[in-house]
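What the coordinates show
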Amino acid sequence: MTSGNGLHLESDSIQPVQHHFDYLTQRATLGFVLVAILTGVIMTKIDSFLEMMLNHLNPCNTASCLTLYEPASWSVVRWLSAVMLSIFCILPFGLFSMYSFAKPGLTKSEQIVMKKWMVFSSILAYVLLFVLFYFFIPSLYVFGDRIHNDVGLTSQYDAITLFTFALSIFWALLMTYMLAFGTITAGSLGLITENNQDWWRIRILGIGGVVLLLSLPGRWNGTNIMLLTLMVVFLEFTISKSVRRAMEIMSPKAIFDHEGGRRLVTYVDCSCEGVAYPIDTSPENTGLLRYNSLCSNIDEREHLIDTVARYRLTDVIIGGCDSTPLPSSFQHSIQSSRCQMRGLNLLELQGAMPATNPTLQVEMDIQMANITNPWSSNQRQKECSKRFHRSGIDSFQFVNDSQFPELQENVVRIMATGWLENEIASFKTMQN
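A brief look at the structure comes next. Just so it is clear, the structure is predicted and the values come from calculations on it, not from any experiment. (Residues numbered from 1 in each chain as written. Predicted model: local features only at pLDDT ≥ 70, side-chain atom pairs only at ≥ 80, totals over all residues. Heavy atoms only, no water.)

Describing the overall build of the chain
To keep things clear, this is the line we draw: The helix count covers DSSP runs of H or I at least four residues long, the strand count covers runs of E at least two residues long, and both are numbered beginning at the N terminus. Burial classes: relative accessible area under 20% of the type maximum marks a residue as buried, over 50% as exposed, and values in between as partly exposed (1.4 Å probe, protein chains only). Between two residues, a contact is recorded if the distance between any of their heavy atoms is within 4.5 Å. Note on areas: Shrake-Rupley, 1.4 Å probe, and residue coverage restricted to the protein chains presented here.
Regarding its fold elements, the chain presents 14 helices and 10 strands. A total of 432 residues make up the chain; the buried ones form 41% of that total. Across the chain, the fraction of contacts at a sequence separation of at least 24, relative to all contacts at a separation of at least 6, is 66%. As presented, the chain carries roughly 23700 Å² of accessible surface, and 62% of it is formed by carbon and sulfur atoms.

Describing a nonpolar patch on the surface
Rules: The patches described consist of residues with a relative accessible area above 30% and no salt bridge, like charges being joined within 9 Å and nonpolar side chains (Val, Leu, Ile, Met, Phe, Trp, Tyr) within 5 Å. We count a salt bridge whenever a side-chain nitrogen from Lys or Arg sits within 4 Å of a carboxyl oxygen from Asp or Glu.
A contiguous nonpolar patch, built from Val-119, Ile-123, Val-127, Phe-130, Val-131, Phe-135, Phe-136 and Leu-140 and spanning about 720 Å² of accessible area, is present on the exposed surface. Within the secondary structure layout, Ile-123 lies in helix α5 (residues 108-150).

A word on the environment of Phe-49
If you trace the backbone, Phe-49 turns up in helix α2 (residues 46-57). Classification of Phe-49 as partly exposed rests on a relative accessible area of 27%. Remark: the alpha-carbon pair of Phe-49 and Arg-78, spanning 29 residues in sequence, is separated by 9.7 Å.

Some points on the pairing of strand β8 (residues 340-343)
Put simply, the rule reads: Here, strands pair whenever DSSP counts at least two bridges between them.
With four bridges connecting them, strand β7 (residues 315-318) and β8 associate as parallel partners. Bridge pairing in β8 places Ile-317 opposite Arg-342.

Considering the packing of aromatic side chains
To keep it simple, the criterion reads: Two aromatic rings from Phe, Tyr or Trp, using only the six-membered ring of Trp, form a pair when their centres are within 6.5 Å; if the ring planes differ by under 30 degrees the pair is stacked, by over 60 it is edge-to-face, and anything between is tilted.
Tallied over the entire structure, the rule returns 10 aromatic pairs. Residues Phe-396 and Phe-398 carry aromatic rings whose centres are separated by 5.5 Å and whose planes lie at 75° to one another, so their mutual orientation is edge-to-face. Classification of Phe-398 by relative accessible area gives buried; the value is 18%.

This is the structure we're talking about:
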């Protein structure tokens, strides 16, 4: 995609939007052609199929209790049955085409979720159709016919109504499944949160309920009310389970910068294969992620891209390096999601010193707060001063060069790159 507003993965190729529309049109056209061809082929055998289905759905022992009150409507049933059967025949092709179209723009975790959904949904559709028409509906018809016989009634059933009732139940289940899948997908992407769950609930339940009610025959009858109630209860359960209550890996909270912009900041503890100083905690209201080696592990980079997109992060601060060694394609992916990526360059500060050195630990603690944007320079200065006082060390040394001087005992090195003269003077004043 050439647009800079969407998320770009490292493996993305630059393609015009028209290329994707052409591919989608080709797949959709091929699907419609296959449905049309299969419908024509199935129509040659549809009468035998419908006869078999009627014999199975018939609750009576003979066919004398089946009546056709609207012969013209039987043609509609024949064609609809043929179309439905052809759609179920090409369902695997449709799911494969859907996955092929979406795969280039999905992260690995999203590809796994989509594959699982394709397999689960196709199996569920076939099993549901089989159980519905061969077990549940016939058993329901037999139960109703037994009640009629017990009270001495002579039953006459409309053949079209037998099919319509079964298709109504199947349509309600299909609608519920589609809405539930969309809800689960939105929840897994972090779109449904505690703040906007009511917004999602009104639209999912409202739109789904209205569409189902208007598409079912008979409108306000007992069966439709029961189907609508079951759909609302199931979707409410799905929504409640999809709300992002807590972020297990990280928990950043909104920080407002000097312009009033809302920022979500997360620190990244990249150990550089165990070499870099570990980040055990992050500043207040910020998140924390841990990786082994972002530079050499594309899976970890894709996980970070997925996390940035899912939680709408605006700032990512890497611990080990200054972020420049990372692949340019990865940096472009982060930028495409409107996120700033920077680094603390703790490796340069650490040098060859072991992580257990007490003075080094104080320097690392100060360096975690030695950053601006979204924090102001005044906030940075006060936080660094607070951490320096907490260490109990009296001496400090400002470093403006990229090469750090050798670590001295009881002397804290503070990186002053980007510090203004008045900030340095004020910091020194605070220590006197």
